[in-house]
Amino acid sequence: MPAARPAPPRRALPGQAAAAGCCCCCGGRRRRRRRGRESRCCGRVPAPQASAFPPRPLPWPPPPPSSAGSPKGVRAVPAPFPFPFPFRSRGRWGPAGPVPHPLLPAGRACLSHAEPRAQDGRSREEEEEEEEGCYQLYPGHIPTSPLQKALLAAGSAFMALYDPYRHDMVAVLGETTGCLALPNLRDKMKHHPEGYRILQERPRIRLSTLDMARLRGLPHGSLGREYVRFLEDNKVSPDTRMPPKFVDDEELAYVIQRYREVHDLMHTLLGMPTNMLGEVVVKWFEAIQTGLPMCVLGAAFGPVRLSARKLQVLATELLPWAIRSGRNASCILNVYYEQRWEQPVESLREEIGIFPPPAVQV
């Protein structure tokens, strides 16, 4: 008795797709689904069988994307499909929902335009400034490029020569032109025990740190008493010294700040007033000591404003003494003046290497 002929396969209903991975029969030839090629199906499918990867039900309409598990300002890149649905890849069902972007490395996500802040809390502008090397190194610091420093130096030099009492222009000139002199001064301080301690402790000479009543009560001839007398006679204050802005190094910024604060102490040790002749003499001494272009410029062009009599006194008496004292003295920034208030001025001059000033009226 011949075997019973199997029933023909059932046809799929309209709109019903064939089962994934199934074989269809068209004209007695078996055509399998190949990877990357779409098969032509006659629409007849075999009897339903248990699948190893049953499809999961899809919600419709799709739920809105949730950002509860994402950090603030970070959104996942959506899948390149109109709505999340399970897909098949290498025999496994993939996750239903957003998929990682193919161009991003693992563990990274895109930043939304609404929250342009990085995960570490810095803004986009701060990151761009850090990449360019332009960011604040200390309070009040203004980052500048070499071209900007050159323009500031030229403008401040012109204004300082036009009006030597423009202390703000003199300060800008010293900061923008001291790129070589300031590191040399710092190295001298680092190789001296007292200067190294100053760099570590960073003392300040200001009215808030000075005990003016105690300094007034010191004996005559002491550094503290003569310093207070200089401030009162010339009506100046240590608080008028401008803080640095254009020095692109925190330690070098303190070096030039220290130089500005001990400038009045140089007047006290040299016995020079704050008139034009006294400033020129102090600038010659400081130019030899520090090598700052600002001091060299003031020493070279300052005598232009002096009278003939003062020019003669400068050339015959004061200038040779200032040059000899500047060459013979040790670095003026290596003295902890805050701990020398009781020391006599003559003793400190001898210790530093400053010759006694000439007996001439300045």
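Cut-off values and rules
Residues numbered from 1 in each chain as written. Predicted model: local features only at pLDDT ≥ 70, side-chain atom pairs only at ≥ 80, totals over all residues. Heavy atoms only, no water. Helix = DSSP H or I, 4+ residues; strand = E, 2+ residues; numbered from the N terminus. Buried < 20%, exposed > 50% of the residue type's maximum accessible area, 1.4 Å probe, protein only. Contact = heavy atoms within 4.5 Å. Areas by Shrake-Rupley, 256 points an atom, 1.4 Å probe, with all protein chains shown as cover. Phe/Tyr/Trp six-rings, centres within 6.5 Å; stacked < 30°, edge-to-face > 60°. Lys NZ or Arg CZ within 6 Å of the ring centre and 35° of its normal. Patch = residues over 30% accessible without salt bridge, like charges linked within 9 Å, V, L, I, M, F, W, Y side chains within 5 Å. Salt bridge = Lys/Arg side-chain N within 4 Å of Asp/Glu carboxyl O. 1 Å grid on protein atoms, 1.4 Å probe; cavity = no way out; pocket = protein on both sides within 12 Å on 5 of 7 lines; lining within 4 Å. Points joined across faces, edges and corners; volume = space filled by probe spheres on them. Nonpolar A, V, L, I, M, F, W, Y, C, P; charged D, E, K, R; others polar. Core = buried A, V, L, I, M, F, W, Y, C linked by side-chain atoms within 4.5 Å. Axes fitted to C-alpha atoms, helices over the stretch in contact; angles between N-to-C directions. Parallel < 35°, antiparallel > 145°, perpendicular 65-115°, else oblique.

## Digging into the overall build of the protein
- Counting its secondary structure elements, the protein contains 13 helices and eight strands.
- Going through the 362 residues of the protein one by one, you find that 34% of them count as buried.
- Contacts spanning at least 24 positions in sequence make up 67% of the contacts within the protein whose residues lie at least 6 apart.
- When the accessible area of the protein is evaluated, it comes to approximately 23,200 Å², of which 57% is carbon and sulfur surface.

## Things to note about the packing of aromatic side chains
- Across all of its chains, the model carries one aromatic pair by this definition.
- Positioned over the ring face of Phe-355 is Arg-324, at 5.1 Å from the centre of the ring.

## Concerning the environment of Leu-297
- Tracing the chain through its elements places Leu-297 in helix α11 (residues 293-301).
- Leu-297 gets classed as partly exposed once you look at its relative accessible area, which sits at 23%.
- Taking C-alpha positions, Leu-297 is 9.5 Å from Ala-160, a pair spaced 137 residues apart along the chain.
- When sequence neighbours within four positions are dropped, the list of residues in contact with Leu-297 reads Ala-157, Leu-161, Leu-173 and Gly-302.

## Some words on a nonpolar patch on the surface
- The grouping of Leu-161, Phe-301 and Val-304 at the surface amounts to a nonpolar patch, some 300 Å² of accessible area in total.
- When you line up the elements, Phe-301 lands in helix α11.
- Overall, Phe-301 belongs to the partly exposed group, its relative accessible area being 44%.

## Quick notes on the side chain of Asn-334
- Along the polypeptide, Asn-334 turns up in the loop between α12 (308-328) and α13 (345-352).
- When sequence neighbours within four positions are dropped, the list of residues in contact with Asn-334 reads Lys-188, Met-189, His-192, Glu-194, Gly-195 and Ile-198.

## A word on the environment of Leu-265
- Position of Leu-265 among the secondary structure elements: in helix α9 (residues 263-270).
- Accessibility expressed as a relative area gives 0% for Leu-265, which makes it buried.
- Along the primary structure Leu-265 and Tyr-337 are separated by 72 residues, whereas in three dimensions their C-alpha atoms are 8.5 Å apart.
- If sequence neighbours within four positions are ignored, Leu-265 has contacts with Ile-205, Leu-223, Tyr-227, Tyr-337 and Trp-341.

## Examining unusual backbone geometry
- The backbone phi angle of Arg-202 is positive, close to 50°, even though this residue is not glycine.
- Positionally, Arg-202 belongs in the loop between α5 (193-201) and α6 (212-216).
- You will see that Lys-235, though not glycine, has its phi angle at about 55°, which is positive.
- With respect to the helices, strands and loops of the structure, Lys-235 is situated in the loop between α7 (223-234) and α8 (250-261).
- Of the residues examined, Lys-235 reaches a relative accessible area of 77% and is grouped as exposed.

## A few points about the pattern of salt bridges
- Per the stated rule, a full pass over the model turns up 18 salt bridges.
- Salt-bridge contacts for Asp-168 lead to Arg-166; the nearest nitrogen and oxygen are separated by 3.0 Å.
- In this structure Asp-168 comes out as partly exposed when scored by relative accessible area, which is 26%.
- Between Glu-251 and Lys-190 there is a salt bridge, with the nearest N and O atoms lying 3.5 Å from each other. Remark: Lys-190 occurs in helix α4 (residues 181-190) and Glu-251 occurs in helix α8; sequence separation between them is 61 residues.

## Some remarks on α9
- Counting buried positions along α9 yields eight of eight residues, so the element is predominantly enclosed.
- Residues of α9 that are buried: His-263, Asp-264, Leu-265, Met-266, His-267, Thr-268, Leu-269 and Leu-270.
- Against α7, α8, α10 (276-290), α12 and α13 lie the buried residues of α9.
- Directly after α9, the chain includes Gly-271, whose backbone phi takes a positive value near 70°.

## A look at the layout of surface pockets
- Space inside the largest pocket adds up to approximately 820 Å³.
- If you go around the largest pocket, you meet 31 residues; those closest to its centre are Pro-164, His-167, Val-170, Glu-279 and Lys-283.
- Residue composition of the lining of the largest pocket, grouped by class: 16 nonpolar, nine polar and six charged.

## Overview of the nonpolar core
- Leu-269, Leu-333 and Tyr-337 are the most contacted members of the largest nonpolar core, which totals 60 residues.
- If you tally residues by element for this core, the top one is α10, at seven residues.

## Considerations on the packing of α4 against α8
- The contact between α4 and α8 brings their axes to 10 Å, and the two run at 85°. In terms of axis orientation, α4 runs roughly perpendicular to α8. Contacts between α4 and α8 involve Leu-182, Pro-183, Leu-185, Arg-186, Met-189 and Lys-190 on the former and, on the latter, Glu-251, Leu-252, Val-255 and Ile-256.
- Tallied by class, the residues present in the contact of α4 with α8 amount to seven nonpolar, no polar and three charged.

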